[in-house]
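# Observations on the model geometry
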Amino acid sequence: MAGNEWINGYLEAILDSQAQGIEDTQQKPQTAVNLREGDGQFFNPTKYFVEEVVTGVDETDLHRTWLKVVATRNSRERNSRLENMCWRIWHLTRKKKQLEWEDSQRIANRRMEREQGRRDATEVLSEDLSEGEKGDGLGDIVQPETPRIQLQRNLSNVELWSDDKKENRLYIVLISLHGLVRGENMELGSDSDTGGQVKYVVELARALARMPGVYRVDLFTRQICSSEVDWSYAEPTEMLTTASADDCDGDETGESSGAYIIRIPFGPRDKYLRKEILWPYIQEFVDGALAHILNMSKVLGEQIGKGKPVWPYVVHGHYADAGDTAALLSGALNVPMVLTGHSLGRNKLEQLLKQGRQSKEDINSTYKIRRRIEAEELSLDAAELVITSTRQEIDEQWGLYDGFDVKLEKVLRARARRGVNCHGRFMPRMAVIPPGMDFTNVEVQEDTPEGEGDLASLVEGSSPKAVPTIWSEVMRFFANPHKPMILALSRPDPKKNITTLLKAFGECRPLRELANLTLIMGNRDDIDELSSGNASVLTTVLKLIDKYDLYGSVAYPKHHKQSDVPDIYRLAAHTKGVFINPALVEPFGLTLIEAAAHGLPMVATKNGGPVDIHRALHNGLLVDPHDQDAIANALLKLVSEKNLWNECRINGWKNIHLFSWPEHCRTYLTRIAACRMRHPQWQTDADEMAAQDDEFSLNDSLKDVQDMSLRLSVDGDKPSLNGSLEPNSADPVKQIMSRMRKPEIKSKPELQGKKQVDSLNSKYPVLRRRERLVVLAVDCYDDKGAPDAKSMVPMIQNIIKAVRSDPQMAKNSGFAISTSMPLEELTRFLKSAKIQVSEFDTLICSSGSEVYYPGGEDGKLLPDPDYSSHIDYRWGMEGLKNTVWKLMNTTAVGGEARNKGSPSLIEEDQASSNAHCVAYQIKDRSKVMRVDDLRQKLRLRGLRCHPMYCRSSTRMQIVPLLASRSQALRYLFVRWRLNVANMYVVVGERGDTDYEELISGTHKTVIVKGLVTLGSDTLLRSTDLKDDIVPSESPYIGTIKADSPVKDITDIFKQLSKASA
């Protein structure tokens, strides 16, 4: 019942006066209701409300019910229906009041949690502040700044991106997963997923590719091979633009330069899926995108990198799903990540709850809102930079998230600028960069009578030259089309506040006499076919036009094309009109910029993005969208004062370049250049190894050629070599490779001494030569956290036997073990089970915080020399240990405070800890916080990490943000080019809290049922999101029983190998 405040007030009076009677009636439905007039001595407020007010309610279903009530002749039945309607309305209002109370409680609790987290963080930070630094405290008042002054201050120490950056030759990766993405004839509005974001990312890719210093831009999205959509969405690659000749010098221009759409298949290949259904398949996309980036880094290295791989300069995720993806990709590649939210989950959840139409469970079922919010929080953890359109988005939307605090971010930024220790705390930097626009097709109209001639000829019916069709479609509504046109262009959504604009126009006689009003409200054939909200707005518009007798003064055409929009702006400008955006809240306001480009002054809401646009353009007035008089006065002022109108028009044209694509990209690249640049530390190793081992390098090159050629097939299938264990005699690439393969070399010639040979073996382990890898990641422990040898050992032995029993599988397969146990305990366990450590090509220990390879003297295991630096990003061990100890001993399950003097819940496990893993023993697993609660509290304190419970919930381990067992597998892919699609991961039905991450992806997963009886997954989160993380059905997932014979294990490996990756 939005928009009927007086109705809500009347309901409040009913609730206040009759609440007790209503509750009694609700509890005893059989009793006669005491709210009827009866013999006339009782006044019935609810019946009066229904009879006098309900026809004005915006709720369509209630209105239809009312019509049925009015048509009912039987007085008893009519009274019964009236009473039922009364209860429906009363319940709606009571539910709304309850939701408002719950919302206020939630906001209050959240504010307390944030303040506590901020205090805890600043207590630690204030210990080593100098006197000069104490001025950067949280209580400082920050004066508002114009965008230009703010940009100058923020970039005062940063070199602005300019045309002399041509030698940089950057490779930029953009990601936008959902919707229908293509470069030409975009189907904007075909569904809710194909809208402004699609247009934005495509235009951004094109604009970036034209910038000096940018060599290639890849826009990643989903490949869709479905008959439901056009065949173009199945094309694996689409060129958007080539690099500008001015940006490239002759021979340096390679065939790979420019902007491209790269479509990666993930999820069901033959279906178009809306974004809410894509979540379980995110990891598949990450693996596919990683394969493309690795291949492209080689290609670009040959073209512009002097033989060295060219890694992405930045990975930029758009929306929550792509943000989650970008976080994983940037972690695997060790390159910076940028995030643009576009629309945020917490903000949407707040709005939906305030409407009172759906419960939290219904909202989550429809929008997968919890998974979306979790993805946005994970994106904030990994992002170096978050790009927003307006300051309002930072303060009112990102400010709702645990991972961002405006005040704490300023303190940490000041300390980082001075080189002061932040104790492992971090907040991503927010940058306001308005979306760019293409003004090349905008014709700036000078103040000439040309436009008036067009109008006059059109009115007279004999035009000497062609005029746009949409002009006649609009002007047929007007009695006097020469009057200035007030233009509003938006969906007929209640939030767009069109009805208030119409009331302001209808009730202001001077404005009606001076101007016409044009309402472009989307396209419609029949109002009854629209959604209830849109239909209600349009119905109200028609009623108001009739109420104020605005026929001949208001235009409301039923149809228009996207290509007509510039002509509509031009028509309004020709009449010296005004553009208005009266929305209750406008996140950005792209139409305001479009209107300014066509010479239209603006009147806009003061809530949201228009504030920033007005500061930059100075081309109009801001108003309170709830104040009809303010709206009418602002419009009248601009229409009647021609000098003011001309001044706003000229200001708009003069400053509009601030919103052009070149300006957007220049600011964008400047901001990114200020990020902490990261790249793989081993990027030259592949070249050294290729020089020392030509045979295996050639093998890999052929395999990469086959990977790329097959991956880029129209049907989206991945290479059969990566996924299949069956020989294919018809494949010429396989035939060549099979002839070139030689028996594995057991030892290198000792040309330079034994020490150098050991160094070479540790630097380039035998893992590099494997075609496939079987990873044992079974979390099988007893109730005390010790390895369950009775269950785990036979399974390990059977897996090894199964692989070696098949000649094709045994030919070039390796083994790895992935566990939460530290190295010393793992080797002790293997020794007790009489399993040689040398059986494994790599050991991933301590929940992915360490990676080891065999090959040292006397069988000694050697750590990966680069993995430690790879996962060190945002790792603050000492500050983390102190905070975790305090949180775990003061907060219990559910986030509630523990009583003072209560015994400690955790004890540090020194034996399981290392430089990148903080381990604790759990004393009482029934009282500890869940992982999601702990991570929330750590985020509020600026700490970014990966906490998990393991070993049957008897241990807690905290590892760096970029470390995990699943990410360690991707590290092996990037480091040694061992494709994830060739990995077979063996897990149980349950496991540690990072267990879910090991299941999905393009690797093959074997789930052993009945093997693991005790897991830690119940301590992961309060709400089960497994269905949104792990696909219910996947060709990459197979199951066996714990007591399966070796032959069955071999068969499941062969079955999974046939799944295209």
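Cut-offs used in this document
Residue positions are given per chain, counted from 1 along the sequence in the order it is written. Local features in a predicted model are, by the rule used here, given only for residues with pLDDT of at least 70; side-chain atom pairs are given and counted only at 80 or more, and totals for whole chains, interfaces and linings are based on all residues. Side-chain metrics in this entry use all non-hydrogen atoms of the structure; hydrogen atoms and water are not considered. Counting from the N terminus, the helices are DSSP H or I runs at least four residues long and the strands are E runs at least two residues long. A simple rule labels every residue: compare its accessible area, found with a 1.4 Å probe on the protein chains alone, to the largest value its type can have, and call it buried under 20%, exposed over 50%, or partly exposed in between. Residues count as neighbours in contact if any of their non-hydrogen atoms are within 4.5 Å of one another. To measure how exposed things are, a 1.4 Å probe is used in the Shrake-Rupley method; for residues, cover is taken only from the protein chains shown. Classification of ring pairs rests on two measures: the distance between centres of Phe, Tyr or Trp rings, Trp counted by its six-membered ring, which must be within 6.5 Å, and the angle between planes, read as stacked under 30 degrees, edge-to-face over 60 and tilted in between. In this scheme, strands are said to pair when DSSP sees at least two bridges between them. To get an axis, a line is fitted to the C-alpha atoms, and for a helix only the part in contact is used. The angle between two axes follows their N-to-C directions and goes from 0 to 180 degrees. Each angle receives one of four descriptions, namely roughly parallel if under 35 degrees, roughly antiparallel if over 145, roughly perpendicular if within 65 to 115, and oblique otherwise. In this scheme the crossing of two helices becomes right-handed for a clockwise turn of the near helix relative to the far one and left-handed for an anticlockwise turn of less than a right angle. Amino acid classes used here: Ala, Val, Leu, Ile, Met, Phe, Trp, Tyr, Cys and Pro are nonpolar; Asp, Glu, Lys and Arg are charged; the rest, including Gly, are polar. To qualify as a nonpolar core, a set must consist of buried Ala, Val, Leu, Ile, Met, Phe, Trp, Tyr and Cys residues joined through side-chain atoms within 4.5 Å. Throughout this description, the term salt bridge denotes a Lys or Arg side-chain nitrogen within 4 Å of a carboxyl oxygen of Asp or Glu. Patches here are clusters of residues that have more than 30% relative accessible area and form no salt bridge, with a 9 Å joining cutoff for like charges and a 5 Å cutoff for nonpolar side chains (Val, Leu, Ile, Met, Phe, Trp, Tyr). Here Asp and Glu are counted as negative and Lys and Arg as positive; His is not counted, and neither are the chain ends. The location of each charge is read from NZ of Lys, CZ of Arg, CG of Asp or CD of Glu. In this analysis, the expected span of each helix is defined as 1.5 Å times one less than the number of residues it contains.

### Concerning the overall build of the chain
Within the chain, the secondary structure is distributed over 37 helices and 26 strands. Counting the 1061 residues in the chain, one finds 56% classified as buried. Long-range contacts, defined as pairs at least 24 residues apart, comprise 73% of the intrachain contacts of the chain with a sequence gap of at least 6. Carbon and sulfur atoms provide 49% of the accessible area of the chain, an area that totals close to 45,900 Å².

### Comments concerning the packing of aromatic side chains
Following the criterion strictly, the structure yields nine aromatic pairs and no others. Consider the rings of Y853 and W976, whose centres lie 6.0 Å apart with planes at 85 degrees: the pair is edge-to-face. Taken together, the residues span a long stretch of sequence, with Y853 in strand 18 (residues 850–853) and W976 in helix 36 (residues 965–976) at a distance of 123 residues. Each member of the pair, Y853 together with W976, is buried. Consider the rings of Y984 and F1053, whose centres lie 5.6 Å apart with planes at 85 degrees: the pair is edge-to-face. Of this pair, Y984 sits in strand 24 (residues 983–988) while F1053 is found in helix 37 (residues 1046–1057), placing the two residues 69 residues apart along the sequence.

### Structural notes on the sheet that holds strand 4 (residues 258–264)
Read from one edge of the open sheet, eight strands run 3-4-2-1-5-6-7-8, paired in mixed fashion. Lying at the two open borders of the sheet, with one neighbouring strand each, are strand 3 (237–241) and strand 8 (429–432). Adjacent strand axes in the sheet meet at a mean angle of 25 degrees, parallel and antiparallel pairs treated alike. In the sheet, strand 6 (residues 337–340) pairs with strand 7 (residues 385–388) via two bridges, with the strands oriented parallel. In the strand pairing of strand 7, L339 is matched with V386. Lying over the sheet, helix 7 (residues 282–304) contacts strand 1 (170–175), strand 2 (214–222) and strand 4, oriented at roughly 160 degrees with respect to strand 2. Packed onto the sheet, helix 11 (residues 369–382) meets strand 6, strand 7 and strand 8 and runs at close to 140 degrees relative to strand 6.

### Overview of the pairing of strand 23 (residues 955–959)
The side chains of a regular strand alternate between the sheet's two faces. Counting buried positions along strand 23 gives five out of five residues, so the element sits mostly inside the fold. Burial of strand 23 is two-sided: the residues R955, Q957 and V959 facing one way and the residues M956 and I958 facing the other way are all buried. Where strand 21 (residues 918–922) lies against strand 23, four bridges are found, and the strand directions are antiparallel. Following the sheet pairing, Q921 is matched in strand 23 by R955. As defined by bridge partners, strand 22 (residues 946–950) adjoins strand 23 across five bridges and the pair is classed as antiparallel. Note that in strand 23 the partner of P947 across the bridge is I958.

### Details of the packing of helix 7 against helix 8 (residues 319–333)
In the contact formed by helix 7 and helix 8, the axes pass within 10 Å of each other and the chain directions differ by 45 degrees. Regarding the angle of helix 7 to helix 8, the classification is oblique. The handedness of the crossing between helix 7 and helix 8 comes out as right-handed. Listed contacts from helix 8 to I282, Q283, F285, V286, A289, L290, I293 and L294 of helix 7 are D321, T325, L328, L329, A332 and L333. Split into classes, the residues belonging to the contact of helix 7 with helix 8 amount to eleven nonpolar, two polar and one charged.

### Observations concerning the nonpolar core
Counting residues in each nonpolar core, the largest one holds 93 residues, and the members touching the most others are I175, F220, W398 and L972. With eleven residues, the single largest contributor to this core is helix 7. Once residues within four sequence positions are removed from consideration, L972 is found in contact with L767, L773, T842, I844, V851, Y853, R977, L978 and M983. Residues A515, I593, L617 and F659 belong to the second largest nonpolar core, which totals 72 residues.

### Looking at the sheet that holds strand 11 (residues 554–555)
Spatially, the six strands line up as an open sheet ordered 11-10-9-12-13-14, and their pairing is parallel. Because the sheet does not close on itself, it has two edges, and the strands there are strand 11 and strand 14 (620–623). In this structure, strand 13 (residues 602–605) lies alongside strand 14, joined through four bridges in parallel fashion. By the bridge assignment, M602 is partnered in strand 14 with G620. Across the sheet, helix 16 (residues 498–506) touches strand 9 (485–489), strand 10 (516–520), strand 11 and strand 12 (578–581), and the angle it forms with strand 10 is around 170 degrees.

### Concerning the pattern of salt bridges
In total, this model carries 48 salt bridges according to the counting rule given. Between R346 and D402 there is a salt bridge, with the nearest N and O atoms lying 3.4 Å from each other. One end of the pair, R346, is in helix 9 (residues 345–355); the other, D402, is in the loop between helix 12 (391–397) and helix 13 (406–418), and 56 residues separate them in sequence. Relative accessible area serves as the criterion here: at 5%, D402 is assigned to the buried category. Notably, a salt bridge pairs D612 with R615, separated by 3.8 Å at the nearest N-O pair. Here the residue D612 and the residue R615 both occupy positions in helix 21 (residues 610–617), the gap between them amounting to three residues, near one helical turn. For D612, a relative accessible area of 13% corresponds to the buried category. Several salt bridges share partner residues, and in doing so they unite R114, E115, R118 and D405 into one network.

### Quick notes on a negative patch on the surface
Residues D525, D526, D528 and E529 make up a contiguous surface patch of negative charge. Among the secondary structure elements, D526 is positioned in the loop between strand 10 and helix 18 (532–547).

### A word on the pairing of strand 24
Within strand 24, six of the six residues are buried, leaving the element largely enclosed by the surrounding structure. Along strand 24, one buried face is formed by M983, V985 and V987 and the opposite face, lined by Y984, V986 and G988, is buried too. One ladder, built from four bridges, connects strand 15 (residues 772–776) with strand 24; its direction is parallel. In the strand pairing of strand 24, L773 is matched with M983. One ladder, built from five bridges, connects strand 24 with strand 25 (residues 1004–1009); its direction is parallel. The residue bridging G988 from the neighbouring strand is V1008, located in strand 25.

### Section: unusual backbone geometry
Excluding glycine, most residues fall at negative phi; most peptide bonds, likewise, are trans. A positive phi angle, near 55 degrees, is found at D549, a position not held by glycine. One non-glycine residue, S847, adopts positive backbone phi at about 60 degrees. Tracing the sequence through the fold places S847 in the loop between strand 17 (842–845) and strand 18.

### Concerning helix 34 (residues 877–890)
Here helix 34 spans 20 Å end to end across 14 residues, near enough to the 20 Å set by a 1.5 Å rise per residue. Restricting attention to buried positions, one finds in helix 34 the residues G879, L880, K881, T883, V884, L887, M888 and N889. At its buried positions, helix 34 is contacted by strand 20 (906–908), strand 21, helix 35 (931–940), strand 22 and strand 23.

### Some words on the packing of helix 10 (residues 360–367) against helix 11
Following both chains from N to C, one finds helix 10 and helix 11 inclined at 75 degrees, their axes separated by 6 Å at the closest point. What the angle tells us is that helix 10 and helix 11 run roughly perpendicular. Each of K360, E361, I363, N364 and Y367 in helix 10 lies in contact with helix 11, whose residues at this interface are I369, R370 and R371. Across the contact of helix 10 with helix 11, the residue classes tally to three nonpolar, one polar and four charged.

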